Amino acid sequence: MRFQAAVLRSYAGPFAVEEVSLRTEPADGEILVEIAGCGMCRTDLAVRRSAGRSPLPAVLGHEGAGVVVRTGAPDAAIGVGDHVVLSFDSCGHCRSCRGAAPAYCDSFASLNLFGGREEDAPRLTDARGEALAPRWFGQSSFAEYALVPARNAVRVDPALPIELLGPLGCGFLSGAGAVLNAFGAGPGDTVAVFGAGAVGLAAVMAAGAAGALTVAVDRHPQRLALAERFGAIPLPAGTAGLPERIRRLTDGGAQYALDTPASPPLVNDALRALRPTGSLGLVARLHTALPLAPGTLDRGRGIRHICEGDAVPGLLIPRLIRLWRAGRFPFDQLVRTYPLADINEAERDCDAGRVVKPVLLPERGSR
Ligand SMILES: [Zn+2]
Ligand SMILES: [Zn+2]
């Protein structure tokens, strides 16, 4: 079948929306999804800095959501017509997957970041027949259709606005899951969030929903204003004596801190803002060595990386939808929609901080 997709051909070049061709029918355990909307996540844009490890040309996009139009097996748990949110890929049989920790799948990098499953390689091609790297994060959803493993799809109520739900599969899942799963924050806990982008603001909303007192740190005033609207105490990143300010606001230090920018000075500040036994979670990948100042880990403080919010998507996505319906996780206020054809504008707006979460909508029938 032929349809439109956004193709990235070079690490520095723009996306090009063009016709692509998908060769195979869904195999056992696969579903074909008509994409209603796909969020743009920092990890899509990080491909540009992957130093050649993420293969191009590729169809990116890994916050897709849409409607199932074909399935590979009639007895699948997901059927034609179901509305689904797509999340990351995992093998399903390694120790982490068997232990309900698919974000730590032994094959996470190869399945999600470096070109997908080997058997997929020839299935997606451009109009000239050249192979495109498919199944970025098991999806490649900057497109009208995506062929995905059914285990990555989470069925949702068809009454919901499916085109907006894709970011629940990665960015919002990562921030909310860090707070709800990795920290297990509850009423009376204190949480400091460093960086108020899509992941950080989802963490702020989740901390508020959990009843925790939250402090948010960012250098953009408009992002801090959003964090404040969602219940956090705002602190500009350049505030003098930032860790001391946070310790005062949190009655002796935050129990939990979440760092989203992975900047070593801010990581040290985040550790200094913790109370004894406090935990710092990192969500981004470090690009330099991380020197820690003496004392920052004393008295039981800890630091760990948190991938995809420690989430089992089939459990956390329905939970976030329930919180949203109760008015306690208003993620839709962070979303701005763009036609898929305007994907380069969406990237520019994202880089400039003009939008927190772009969601790209394929425009059917407009060709
Ligand atoms: Zn696995
Ligand atoms: Zn992502």
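Remember, predicted model here, so these are calculated numbers, not experimental data.

Cut-offs and rules
- Residues numbered from 1 in each chain as written.
- Chains lettered and ligands numbered in written order.
- Predicted model: local features only at pLDDT ≥ 70, side-chain atom pairs only at ≥ 80, totals over all residues.
- Heavy atoms only, no water.
- Helix = DSSP H or I, 4+ residues; strand = E, 2+ residues; numbered from the N terminus.
- Buried < 20%, exposed > 50% of the residue type's maximum accessible area, 1.4 Å probe, protein only.
- Polar contact = N/O pair within 3.5 Å; in protein donor to acceptor, adjacent residues only side chain to side chain.
- Contact = heavy atoms within 4.5 Å.
- Pairing = 2+ DSSP bridges.
- Axes fitted to C-alpha atoms, helices over the stretch in contact; angles between N-to-C directions.
- Donors = N, O, S within 2.8 Å, 3.2 Å for Na, K, Ca; no water.
- Phe/Tyr/Trp six-rings, centres within 6.5 Å; stacked < 30°, edge-to-face > 60°.
- Lys NZ or Arg CZ within 6 Å of the ring centre and 35° of its normal.

**A word on the side chain of S96**
As for its placement among the helices and strands, S96 is situated in helix α2 (residues 95-98). For S96, a relative accessible area of 18% puts it in the buried group. In terms of polar contacts, S96 uses its side chain to reach the backbone carbonyl oxygen of Y104, at 2.9 Å. Once you skip the residues sitting within four places of it in the chain, S96 turns out to touch A101, P102, Y104, C105 and D106.

**Notes on the sheet that holds strand β15 (residues 302-305)**
Read across the open sheet, the 6 strands follow the order β12-β11-β10-β13-β14-β15; overall the sheet is parallel. Of all strands in the sheet, those bounded by a partner on one side alone are β12 (233-236) and β15. Each strand axis lies, on average, 20° off the axis of its neighbour in the sheet, ignoring direction. Bridge analysis of strand β11 (residues 213-218) against β12 gives 4 bridges, and the strand direction is parallel.

**Observations concerning unusual backbone geometry**
Omega for the peptide link from L56 to P57 comes to -5°, which places this bond in the cis form. Here P57 is to be found in the loop between α1 (42-46) and β4 (58-59). Although it is not a glycine, A262 adopts a positive phi angle of roughly 60°. You can see A262 is positioned in the loop between β13 (254-259) and α8 (264-272). A relative accessible area of 12% means that A262 is categorised as buried.

**Details of the coordination of the zinc ion (ligand 1)**
Protein coordination of the zinc ion (ligand 1) is provided by C91 (SG), C94 (SG), C97 (SG) and C105 (SG), with donor distances spanning 2.3 to 2.4 Å. Counting along the primary sequence, the residues that act as donors to the zinc ion (ligand 1) give the motif C-x2-C-x2-C-x7-C. On the basis of relative accessibility, which here comes to 15%, the residue C91 falls in the buried class. Looking at C94, the relative accessible area reads 8%, which means it is buried.

**A word on the packing of aromatic side chains**
To describe a pair of aromatic rings, you give the distance between the ring centres and the angle between the ring planes. Enumeration according to the criterion identifies 9 aromatic pairs in this entry. Pairing F329 with F331 gives two aromatic rings, centres 6.2 Å apart and planes at 45°, and the pair type is tilted. When the ring centre of F172 is taken as reference, the NZ or CZ atom of K357 above it lies at 5.9 Å.

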